[in-house]
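Survey of secondary and tertiary structure
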Protein chains: 2
Amino acid sequence: MAPTEKITINDIARRTGLSKGTVDRVLHNRGEVSRKSYDKVMKVIQELGYEPNVYASLLAKGVSQLVAILIPAHEPGSFWELAASGIEKAAAGTGTIGIRVEPFEYDQYDIDSFRDACNRLLEAQPAGVVLAPLFLEETVTFAGRLKEAGIPYVFIDSKPESDDYLAYFGMPLYKSGYLCADQLTGGQENVDSVLMVRVMRDRLQQSDPTINRRAGFMDYMLEHSPECTLGNLFIDPGDPNGTYFKLDDWFQEHPSVKHVVMFNSRIHLIVPWLEDHPDAGRRVVGFDNLSANLEALRRGTVTSLIAQHPDDQVRLAVETLAEYILRKKLPPRKDNFMHMDILTRYNVDYY
Amino acid sequence: MAPTEKITINDIARRTGLSKGTVDRVLHNRGEVSRKSYDKVMKVIQELGYEPNVYASLLAKGVSQLVAILIPAHEPGSFWELAASGIEKAAAGTGTIGIRVEPFEYDQYDIDSFRDACNRLLEAQPAGVVLAPLFLEETVTFAGRLKEAGIPYVFIDSKPESDDYLAYFGMPLYKSGYLCADQLTGGQENVDSVLMVRVMRDRLQQSDPTINRRAGFMDYMLEHSPECTLGNLFIDPGDPNGTYFKLDDWFQEHPSVKHVVMFNSRIHLIVPWLEDHPDAGRRVVGFDNLSANLEALRRGTVTSLIAQHPDDQVRLAVETLAEYILRKKLPPRKDNFMHMDILTRYNVDYY
DNA sequence: TTGAATTCCGTGCACGGTAACGGAAATTTA
DNA sequence: TAAATTTCCGTTACCGTGCACGGAATTCAA
């Protein structure tokens with residue numbers, strides 16, 4: 001029933017006058033083949049357009065290949081929990097036949113735990129790795145080790161300057177800031193004041209997606225509301241009370257401000273204050289579909305969220321690796337910028 | 001390396017004292033097995049938690065299974081072209097190992113071509129079918145034939161009252177109308193006038209998603225802008241000039257109307273008129289990411305689009321069928337309401 | 001009781017590829 | 001030149017299922 005006769009390793013053996021053992025050796029570059037035979041086999045493979053049968057290969061190999069995922073521990077309600085849910089999806093679907101997926105987690109505030117996770121990962125001898133470069137420098141050196149070991153890797157969320165990765169899946173960060181500004185202002189020109197709530201970062205040398213987002217945001221504002229005052233308020237994610245009082249103080253001084261934005265996934269941190277001080281005309285925009293954020297969106301406290309699909313990023317990363325591992329196929333694009341979802345209270349339910 | 005020793009059909013044969021041939025016969029219910037042996041085998045299968053090896057199975061069978069897709073012909077730039085693109089995705093990815101995907105197309109305005117496509121489809125003896133119920137009654141009877149033949153099927157886009165389908169993937173239509181209204185008004189209360197552009201339908205007994213959308217839309221308006229006048233204008237998709245003149249006439253009479261909406265994928269039909277008569281304060285909302293619609297969005301003529309993912313619907317439908325065909329696994333949910341994307345000029349580029 | 005028809009089951013090959021094993025041929029060494 | 005290596009290649013036994021074939025055991029008919 002197949003459109004064309006599937007050609008097998010035996011066909012190649014026959015056509016070259018060699019045995020399938022030899023053909024297998026050239027297919028997997030494991031040496032012990034003379035130059036002449038090698039060329040002959042390669043030629044016939046080209047001519048016939050041979051493609052190995054994945055089932056047979058997997059069946060013979062017996063073992064499934066491991067794809068390791070290196071991400072921060074997914075505390076409940078955090079951004080990385082969303083990514084982790086993609087692991088199950090990737091592991092579940094038929095999309096990953098012959099591939100096992102295993103997460104290696106670390107504390108995103110503890111660089112030693114990161115190093116530790118890297119080592120554990122390498123010991124597991126994965127055939128491919130998915131990783132999010134939180135610790136920039138460490139990630140680059142780790143990528144070096146992977147390269148040395150001949151293990152392909154795919155970045156998600158953001159990526160370092162490196163160039164040896166198989167693929168990247170993430171959000172266009174600058175653009176997301178731009179979109180964010182449009183959502184915050186509702187397309188209105190000449191907004192006169194905006195509050196940007198930011199998180200104090202004590203961790204060093206981390207890759208910070210919010211920098212690019214803020215840049216995009218500010219460029220939009222410059223174009224559409226050049227006179228706008230952009231206020232900054234820094235809060236500490238570990239200190240809810242302090243956050244609350246800081247917001248109290250800030251709005252005491254700027255009572256007329258109607259637009260509030262945060263560039264990371266933690267808009268939920270300021271929701272308690274906002275709900276204690278309701279304002280019908282206020283617009284609040286944040287990022288990412290954490291459950292706490294979604295709740296606030298449903299209640300109307302948050303006007304809209306800009307969400308990426310960390311689970312899809314993981315899924316696509318795994319599928320890309322699977323395709324590469326099982327059939328040595330390179331992805332069509334190295335850098336894959338993914339769609340940004342706009343979430344409002346009216347489309348959040350079927351998310 | 002596998003977590004637990006994989007148990008095979010031979011293990012079962014040994015444990016039951018029967019041969020693998022017999023085990024195979026009970027696994028596939030193809031008879032010629034005594035009641036006693038059958039029970040014994042089933043018992044051991046339960047105990048050991050046997051799961052067949054997909055590779056070996058596929059390898060032995062040799063042929064991959066066919067999943068047939070029954071959709072309207074995808075004229076360039078039409079909604080169904082988007083769905084068709086999902087076929088390639090489904091066929092390409094490793095997601096569909098062992099599964100061939102083949103479209104069977106018909107003219108959505110010609111019921112005979114639909115019947116014809118149904119027959120061609122059945123002759124191909126598919127192991128599963130994906131279908132969109134455009135011709136309602138015909139679809140129901142066709143579903144009956146599928147059921148009779150023991151072929152599982154999955155609905156996309158919309159679904160009839162039937163209950164024998166394996167799964168459904170589609171948009172929550174009523175909700176999408178609600179969301180649409182929110183986008184059109186930008187969250188403003190007390191909009192005073194809206195134009196709903198509608199398409200004349202000559203085809204009968206078709207399932208029409210726009211009915212539910214309009215209902216959701218009108219309920220939103222009733223809640224937020226009870227005084228709003230909802231104007232209707234019917235156009236003929238085959239007559240661009242007539243459309244243009246009708247819009248001319250209508251806006252002659254209602255020059256102050258700033259809100260225009262369409263409930264199907266053809267907002268692009270009124271774009272020429274809109275661009276000839278620009279209005280900075282106008283808001284225009286439509287559905288679906290046809291390329292013509294996206295262009296209009298980029299140019300700012302259309303304010304926002306509400307898009308589903310017809311390609312994802314097809315992909316998920318195929319994967320669901322694959323999972324069922326290859327491993328007899330039922331989908332976690334029968335009815336899968338999918339996310340509605342809000343597209344604006346600022347997030348359209350990475351769509 | 002014997003032959004024929006059923007029912008039920010085991011055997012063995014095929015599917016396409018993997019990789020260990022061992023041996024022939026070519027090359028090097030003494 | 002014979003022996004010791006090295007290079008290169010064919011053979012073969014799997015991997016877990018599917019399925020055709022044929023035979024044994026049982027039931028039925030005569």
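A word on the protein's contact with DNA strand D. By nearness alone, 26 residues border DNA strand D, and T22 and S37 of chain A together with I9, D24 and Y50 of chain B come closest of all. The sugar-phosphate share of atoms of DNA strand D within 4 Å of the protein amounts to 62%. Within the contact set of DNA strand D, a phosphate oxygen lies 2.8 Å away from a backbone nitrogen or oxygen of S19 of chain A. A distance of 2.7 Å separates a phosphate oxygen of DNA strand D from a polar atom in the side chain of T22 of chain A. Taken together, the elements giving at least two residues each to the surface near DNA strand D come down to α2 (20-27) and α4 (54-61) of chain A together with α1 (9-16), α2 (20-27) and α4 (54-61) of chain B. Top element by residues in the surface near DNA strand D is α2 of chain A. It accounts for four residues. Within the surface near DNA strand D, the residues separate by chemical class into nine nonpolar, eleven polar and six charged.

Our next topic: the interface of chain A and chain B. Taken together, the contact between chain A and chain B spans 39 residues of the former and 39 residues of the latter. With both sides pooled, the region where chain A packs onto chain B buries about 3600 Å², and carbon together with sulfur makes up 62% of that total. At the surface where chain A touches chain B, the tally comes to two salt bridges. With its nearest N and O atoms 3.6 Å apart, the salt bridge here joins K175 of chain B to D349 of chain A. For the interface between chain A and chain B, the tally reads two residue pairs in polar contact (both at pLDDT 80 or more). Only α4, α8 (173-185), α9 (209-224), α13 (310-327) and β12 (341-343) of chain A provide two or more residues apiece to the side of chain A that touches chain B. Its residues assigned to classes, the side of chain A that touches chain B comprises 20 nonpolar, ten polar and nine charged.

With that out of the way, let us pick up the sheet that holds strand β1 (residues 65-72) of chain A. Whenever strands of a sheet pair, they do so through backbone hydrogen bonds, lying parallel or antiparallel. All names here are of chain A. Sheet architecture is open: six strands sit in the order β2-β1-β3-β4-β5-β11, paired in parallel fashion. Looking at the sheet topology across the chains shown, the edges are occupied by β2 (99-106) and β11 (335-337). Strand-to-strand twist across the sheet, computed as the mean angle between neighbouring axes with direction ignored, equals 15°. Bridge count between strand β5 (residues 167-170) and β11: three bridges; the pairing is parallel. In the sheet register, G170 faces β11, and the bridge partner there is F337.

With that settled, the discussion passes to the pairing of strand β6 (residues 193-199) of chain A. Residues and elements named next belong to chain A. Burial analysis of β6 places seven of its seven residues in the buried class, the great majority of the element. Residue alternation in β6 divides its side chains into two sets, S193, L195, V197 and V199 and V194, M196 and R198, and both sets are buried. Sheet topology places β6 next to strand β7 (residues 229-235); seven bridges connect them, and they run parallel. Along β7, the bridge assignment pairs L195 with G231.

The next thing to look at is the sheet that holds strand β8 (residues 259-262) of chain B. Residue and element names in this part refer to chain B. With mixed pairing, the six strands of this open sheet are ordered in space as β7-β6-β8-β9-β10-β12. Both edges of this open sheet fall to β7 (229-235) and β12 (341-343), since each of them pairs with a single strand only. With strand direction ignored, the average angle separating the axes of adjacent strands in the sheet is 20°. Sheet topology places strand β6 (residues 193-199) next to β8; four bridges connect them, and they run parallel. Across the sheet, residue V194 finds its bridge partner in β8, namely H259. The strands touched by helix α8 (residues 173-185) are β6, β8, β9 (283-287), β10 (304-307) and β12; relative to β9, the strand with the most contacts, the crossing angle is about 160°.

Superposition record for chain A on chain B: RMSD 0.2 Å, screw rotation 180°, translation along axis 0.1 Å. What the superposition gives is, in effect, a two-fold axis relating one chain to the other. Looking at the interface residues of chain A, 100% of them are also at the interface in chain B, so both copies use one shared face.

What follows concerns the nonpolar core. In terms of nonpolar packing, the biggest core is built from 104 residues, with L70 of chain A together with L70 of chain B touching the most fellow members. By size, the runner-up hydrophobic cluster in this structure holds 44 residues, among which are V194, F263 and M340 of chain A together with C180 of chain B.

Calculation rules
Along every chain, residues carry numbers that run from 1 in the direction the sequence is written. Labels follow written order: the first chain is A, the first ligand is 1, and so on. Totals for whole chains, interfaces and linings use all residues, but because this is a predicted model, local features are given only for residues with pLDDT of at least 70 and pairs of side-chain atoms are given and counted only at 80 or more. By convention in this description, side-chain values take in all heavy atoms of the structure and omit both hydrogens and water. The near set for a molecule or strand comprises every residue that places at least one heavy atom within 4 Å of it. Polar contacts, as used here, are pairs of N or O atoms within 3.5 Å; protein pairs need one atom able to donate a hydrogen and one able to accept it. Residues neighboring in sequence count only if both atoms are side-chain atoms. For the purposes of this entry, the term helix denotes a DSSP run of H or I that reaches at least four residues, the term strand denotes a run of E that reaches at least two, and both are numbered from the N terminus. Under the scheme applied here, ten amino acids are nonpolar (Ala, Val, Leu, Ile, Met, Phe, Trp, Tyr, Cys and Pro), four are charged (Asp, Glu, Lys and Arg), and all others, including Gly, are polar. Note on contacts: a residue pair is in contact if any heavy atoms of the two residues lie within 4.5 Å. Two parts lose some accessible area (1.4 Å probe) when they are put together, and adding that loss for both gives the buried area. The salt bridge criterion pairs a side-chain nitrogen of Lys or Arg with a carboxyl oxygen of Asp or Glu, the two atoms within 4 Å. Any two strands between which DSSP finds at least two bridges are classified as paired. The angle between two axes is taken between their N-to-C directions and runs from 0 to 180 degrees, where each axis is a line fitted to C-alpha atoms and a helix contributes only its stretch in contact. When a residue's accessible area, from a 1.4 Å probe over protein chains only, is under 20% of the maximum for its type it is buried; when over 50% it is exposed; and in between it is partly exposed. The fit set for superposing copies consists of C-alpha atoms from residues with pLDDT of at least 70 in both; the fit itself is least squares. Working definition of a nonpolar core: buried Ala, Val, Leu, Ile, Met, Phe, Trp, Tyr and Cys residues. They are joined through side-chain atoms within 4.5 Å.

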